[in-house]
Amino acid sequence: MLYRWLSRFPFSLKYSIPLLILILGSLLSGTTIYHQVSAVKRQFQLDAISTGELDGQQASALLNYIYRSENLQTNEALQTRD
């Protein structure tokens, strides 16, 4: 049965088998690249969020330090006036 089907196959196997391998390889490569790009994009977003949180914490700590040091200077100035 397979022999009958292959004898009626319209293309030469010499060209159709490499073409089939090329097409399947291209599809597999395309899906692999798509998944890798998705993974890199997801990782980049997580890294950006993490970096943003760290920068926010550092800015908050710096502003808190500046606010407290200005309050101390203001309190010292008020105490020296009295």
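Our subject is the structure that appears above.
Residues numbered from 1 in each chain as written. Predicted model: local features only at pLDDT ≥ 70, side-chain atom pairs only at ≥ 80, totals over all residues. Heavy atoms only, no water.

Asks: What exactly am I supposed to notice about the overall build of the protein here?
Replies: The secondary structure content of the protein amounts to two helices and zero strands. Here the protein holds 82 residues, and the buried ones make up 1% of them. For the protein, the exposed area adds up to about 8,000 Å²; of that, 65% sits on carbon and sulfur atoms. (Helix = DSSP H or I, 4+ residues; strand = E, 2+ residues; numbered from the N terminus. Buried < 20%, exposed > 50% of the residue type's maximum accessible area, 1.4 Å probe, protein only. Areas by Shrake-Rupley, 256 points an atom, 1.4 Å probe, with all protein chains shown as cover.)

Asks: Please clarify how a nonpolar patch on the surface should be interpreted in this entry.
Replies: A surface patch of nonpolar side chains, about 600 Å² in accessible area, is lined by Leu19, Leu20, Leu22, Ile23, Leu24 and Leu27. Relative to the helices and strands, Leu22 resides in helix α2 (residues 13-81). (Patch = residues over 30% accessible without salt bridge, like charges linked within 9 Å, V, L, I, M, F, W, Y side chains within 5 Å. Salt bridge = Lys/Arg side-chain N within 4 Å of Asp/Glu carboxyl O.)

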